[in-house]
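# Structural features, examined
Read off the chains here:
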Amino acid sequence: MQGSNTPLIEMIDMCKSFGGVHAVDHVSVDLYPGEVMGILGHNGAGKTVLIKMLSGAIKRDSGTIKVNGEVANINNPRDAKHYGIETIYQTLALADNQDAPANLFLGRELMTGWGTLDDVAMEAETRKVMNRLNPNFAKFKAPVKALSGGQRQSVAIARAIYFNAKALIMDEPTAALGPQETKQVADLTIQLKKEGIGIFLISHDLHDVFDLADRVSVIKNGRLVGTARTSEVTKDEVLGMIILGKCPAAATPGPGALERDAA
Amino acid sequence: MSSHNNAETAGAAATPGKARSGTRSPVARFFQATELDTRLLGMIGALIVLWIGFDIASGGVFLTPRNLWNLSVQTSSIAVMSTGMVLVIVTRNIDLSVGSVLGFIGMIMGVTQAIEIPQYLGYEHPATWAIALAVGVVLGGAIGMLHGYVISYLGVPAFIVTLGGLLAWRGAAWWVTSGRTVAPMDGNFKLMGGGVDGAVGATASWIIGIVACLAIIALLRYGRTQRQRFNFPLRPIWAEFTLGAIGCAVVLGAVTVANSYPWPRRIAERYAEANGIPIPEGGLFISHGLAVPVLVALGVGVVMTFVATRTKFGRYVFAIGGNPEAAELAGINTRRTTMLVFMVMGMLCAIGSAISTARLNAATNAQGTLDELYVIAATVIGGTSLAGGVGTIAGAMLGAVVMQSLQSGMVLMGIDSPLQNIVVGIVLVIAVWVDTMYRKRT
Ligand SMILES: Nc1ncnc2c1ncn2[C@@H]1O[C@H](COP(=O)(O)OP(=O)(O)O)[C@@H](O)[C@H]1O
Ligand SMILES: [Mg+2]
């Protein structure tokens, strides 16, 4: 693959603490185009804080972010979107009182020639993209708080993929979904991967991620345990990383690994 | 009425077009086809009941052109400010300072036109009213921006900042002239307060009414062509015609009422004498027509509705109210937006101040006392949720009419003012309770 040598995204030595708590402590991860990178760890491990630094939602204390090998200046959500980094947040981050088109275009509204909101155009675009994502979706005029968990999720996903993302961050995308909807998200992930989009797939549950991901990075107590190709490690080994912080031989250990030279 | 931003309108339009003709009752079908906001209609219904009740209780003096005309003028100042309060409350804030800001700006505008400008341009200069109003609006914007800055950039809660403003600006209003009342106001400025001169007369009222009707029809047509452009489901054509007919009937009805209120006989006679008009038998009938402050308030309502529903700023205001974190993550500058909301509120205080100062023909340091409570009550009765994210400009203005109707009605019935306050207080609580129940149901 052509782009394989230069990672799409590199996060190097990222740190963030709240008060005295090191939520993210010298973590480095990277992502290649067309790759699914799983970020695993217990609840409270620091996964969300880590990726929020990438999406511009949280200001990092230190660390470097590179996009296509060049240092990227990401200080707010707008900057991240400018670099083609889109995020589906764990909380979905939808304005509950507004309808699907308003949410999809929030902050990037389509305007008429008069400089006013072009609601019909936004609704038309929303209908198009939702047709692709979730053909059963019909409530284009209802506030999103009136939608089911799966429908809300589709709106959040539509918002992330509509603007031609290069890198997509999905933070616990299936946490609130039923089995069928979970399958839909998995299918979508595979499709987006084929289109060459790099995906950070964040979860506390190994089973959500292992089969989809090309690589996984495991975080424990804010520190990187290690990074491994899913083809080179077993599920049990990754579980060991998550629970014990034990880095298997096939994985590249990080500063959070319990035993660096375990056989 | 288009449906965006606010949760209550969306309910009516929630079902897509194909499912439209079902086995529902004709009433339900009517509301679905016209996409009318049932909440707003409920309020109009309550208002009509209130009016008829007062009319019966007062022996038929409530629903007279004279009383309705006065009601419209008395509502204007509060109605103007309530449109701004909608945005403030939608962003989960509150502004307790509007009455005091109104008082302070009134004093400044009074001094500007009665003391400062005459030194340079003399009394009754044609530009005086415009300069005084501009000074007021700029000052109001600056005061609002100051409040907004402290609230959104320094992180002091709006309740505290504007509570401070309530005290500080009232004090400042006294300070301007050490408590002295400033009077009279400039003749042109006074037109903003209504009265015989501050009403546009019969002919102009009809012209305004017809223009408004044409605008309603044009808006309906524009909405339809826009939806056709994307092959969206359309309203049935009868629904479009019904909406247009209702809108035009309301407008022309209001004009008719305003035009049926004649000038007082003595003023009309003096006018006739001065202009050499013969006085016919049975007296001279010169219509007031629509009052200038009412036109100002309606104009503000139209502009604010446009801002709230058709601009990015308005959309961000509602998004912030719905979910501040989501707005922030979407890249919206929530702090700046919040500051601007307070700036708009301040500018509207200036317009409200111009109306009430002009109506009184004087600026006093007590002007606007308790207005903050009436404005907030009107806004909340008008369906703006204190939880944020939900509200309409039209609802708030109707809320102002409800508040004023209550007061005027009780005055006509000769109810003592302490009892009036008790009733207004109870009505406020009940109105919000009913609204809460309604929202739970939908
Ligand atoms: N805004 C915040 N303020 C203070 N502490 C925070 C904040 N956000 C996260 N934390 C803390 O940082 C740690 C990591 O949280 P998070 O990244 O959300 O975990 P997860 O891996 O489950 O996504 C937790 O201990 C959490 O309490
Ligand atoms: Mg998380």
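Right above here is the structure, for reference.
Every value quoted in this text rests on a predicted model; they were computed, and no experiment measured them.

### Observations regarding the coordination of the magnesium ion (ligand 2)
All names here are of chain A.
- For the magnesium ion (ligand 2), every protein donor is listed as Thr48 (OG1) and Gln90 (OE1), and the spread of their distances is 2.0 to 2.3 Å. Of this pair, Thr48 sits in helix H1 (residues 47–55) while Gln90 is found in the loop between strand E6 (85–88) and helix H3 (100–104), placing the two residues 42 residues apart along the sequence.
- Take Gln90: its relative accessible area is 40%, and that puts it in the partly exposed class.

### A short note on the sheet that holds strand E7 (residues 167–171) of chain A
Residue and element names in this part refer to chain A.
- Taken together, seven strands build an open sheet; the order of strands is E6-E7-E8-E3-E9-E10-E11 and the sheet is mixed. Two strands lie at the open edges of the sheet, namely E6 and strand E11 (252–253), each paired on one side alone.
- Running over the sheet, helix H5 (residues 149–162) touches E6 and E7 and is turned about 175 degrees from E6.
- Most of the contacts of helix H8 (residues 235–244) go to strand E9 (residues 215–220), to which it runs at about 20 degrees, and overall it touches strand E3 (36–40), E9 and strand E10 (223–229).

### Quick word on unusual backbone geometry
- Here the bond from Ala183 of chain B into Pro184 of chain B is cis, since omega is -10 degrees, no more than 30 degrees from zero.
- Of note, Pro184 of chain B is situated in the loop between helix H7 (158–177) and helix H8 (187–190).
- Phi is positive for Leu92 of chain A, close to 70 degrees, though the residue is something other than glycine.
- A positive phi is found at Arg92 of chain B, a non-glycine position, where the angle reads about 70 degrees.

### A short note on the interface of chain A and chain B
- Taken residue by residue, the interface counts 34 residues in chain A and 34 residues in chain B.
- Regarding the contact of chain A and chain B, the summed buried area is about 2900 Å², with carbon and sulfur atoms giving 55% of it.
- Run the count over chain A and chain B and you get five salt bridges.
- Here Glu325 of chain B makes a salt bridge to Lys52 of chain A, at a shortest N to O gap of 3.5 Å.
- Taken together, the links from chain A to chain B amount to ten residue pairs in polar contact (both at pLDDT 80 or more).
- Elements with a minimum of two residues in the side of chain A that touches chain B: helix H2 (77–82) and helix H4 (119–133) of chain A.
- Sort the elements by how many residues they give to the side of chain A that touches chain B and H4 of chain A lands first, with seven residues.
- For the side of chain A that touches chain B, the residue count by class is 17 nonpolar, four polar and 13 charged.

### Considering the packing of aromatic side chains
- Applying the stated rule across the entire model yields 14 aromatic pairs over all chains.
- Plain terms: the ring middles of Phe30 of chain B and Phe31 of chain B are 5.6 Å apart, the flat faces sit at 70 degrees to each other, and that makes the pair edge-to-face.
- Ring geometry for Phe54 of chain B against Phe62 of chain B: centres 5.4 Å apart, planes inclined by 25 degrees, an arrangement best described as stacked.
- One aromatic cluster is present, formed by Phe105, Tyr162 and Phe163 of chain A through successive ring pairs.
- The ring of Phe163 of chain A carries the charged tip of Arg108 of chain A above its face, separated from the ring centre by 3.7 Å.
- One residue, Arg127 of chain A, lies across the ring of Phe232 of chain B, its end atom 4.8 Å from the ring centre.

### Quick look at a nonpolar patch on the surface
- Residues Leu419, Ile422, Ile426, Ile430, Trp433, Val434 and Met437 of chain B make up a contiguous nonpolar surface patch of roughly 690 Å² in combined accessible area.
- What makes Trp433 of chain B exposed here is its relative accessible area of 54%.

### Quick notes on the sheet that holds strand E1 (residues 9–18) of chain A
Residue and element names in this part refer to chain A.
- Strand order in the open sheet made by the four strands is E2-E1-E4-E5, with antiparallel pairing throughout. The sheet is open, and its two borders are formed by strand E2 (21–31) and strand E5 (70–71), each paired with just one other strand.
- As judged from the five bridges shared by E1 and strand E4 (residues 62–67), these two strands associate in the antiparallel manner. For Cys15, the partnering residue across the bridge sits in E4 and is Ser62.
- Sheet contacts for H1: E1, E2 and E4; angle to E1, the most-contacted strand, approximately 120 degrees.

### A short note on helix H6 (residues 128–152) of chain B
Residues and elements named next belong to chain B.
- Taking 1.5 Å of rise per residue, 25 residues should cover 36 Å, and H6 covers 36 Å from first to last C-alpha, within 8% of that figure.
- Looking at H6, one finds that the buried residues are Thr128, Ala132, Leu133, Gly136, Gly140, Gly141, Ile143, Gly144, His147, Gly148, Ile151 and Ser152.
- Its buried side turned inward, H6 meets helix H5 (98–121), H7, H8 and helix H15 (334–360).

### Points about the nonpolar core
Residues and elements named next belong to chain B.
- Counting residues in hydrophobic clusters, the biggest one holds 71 residues, and the most contacted among them are Met81, Met85 and Phe189.
- The element that contributes the greatest number of residues to this core is helix H4 (residues 65–90), accounting for twelve residues.
- With residues near it in sequence (within four places) discarded, Met85 still touches Asp95, Val98, Met345, Val375, Ile376 and Thr379.

### Overview of the site of ligand 1
All names here are of chain A.
- Neighbouring ligand 1 are the residues Phe18, Ala23, His42, Asn43, Gly44, Ala45, Gly46, Lys47, Thr48 and Val49.
- Contacts to ligand 1 include Lys47, whose backbone N or O atom sits 2.8 Å from an oxygen atom.
- Between ligand 1 and the protein, one listed contact pairs an oxygen atom with a side-chain N or O atom of Thr48 at 2.5 Å.
- Here ligand 1 has 560 Å² of accessible area as a free molecule, and 57% of this is covered by the chains.
- No other element matches the three residues that H1 contributes to the shell around ligand 1.
- For the shell around ligand 1, a count of residues per class yields four nonpolar, five polar and one charged.

Rules behind the numbers
Residues numbered from 1 in each chain as written. Chains lettered and ligands numbered in written order. Predicted model: local features only at pLDDT ≥ 70, side-chain atom pairs only at ≥ 80, totals over all residues. Heavy atoms only, no water. Donors = N, O, S within 2.8 Å, 3.2 Å for Na, K, Ca; no water. Helix = DSSP H or I, 4+ residues; strand = E, 2+ residues; numbered from the N terminus. Buried < 20%, exposed > 50% of the residue type's maximum accessible area, 1.4 Å probe, protein only. Pairing = 2+ DSSP bridges. Contact = heavy atoms within 4.5 Å. Axes fitted to C-alpha atoms, helices over the stretch in contact; angles between N-to-C directions. Buried area = accessible area lost by both parts, 1.4 Å probe. Salt bridge = Lys/Arg side-chain N within 4 Å of Asp/Glu carboxyl O. Polar contact = N/O pair within 3.5 Å; in protein donor to acceptor, adjacent residues only side chain to side chain. Nonpolar A, V, L, I, M, F, W, Y, C, P; charged D, E, K, R; others polar. Phe/Tyr/Trp six-rings, centres within 6.5 Å; stacked < 30°, edge-to-face > 60°. Lys NZ or Arg CZ within 6 Å of the ring centre and 35° of its normal. Patch = residues over 30% accessible without salt bridge, like charges linked within 9 Å, V, L, I, M, F, W, Y side chains within 5 Å. Areas by Shrake-Rupley, 256 points an atom, 1.4 Å probe, with all protein chains shown as cover. Expected span 1.5 Å × (residues − 1). Core = buried A, V, L, I, M, F, W, Y, C linked by side-chain atoms within 4.5 Å. Near = heavy atom within 4 Å.

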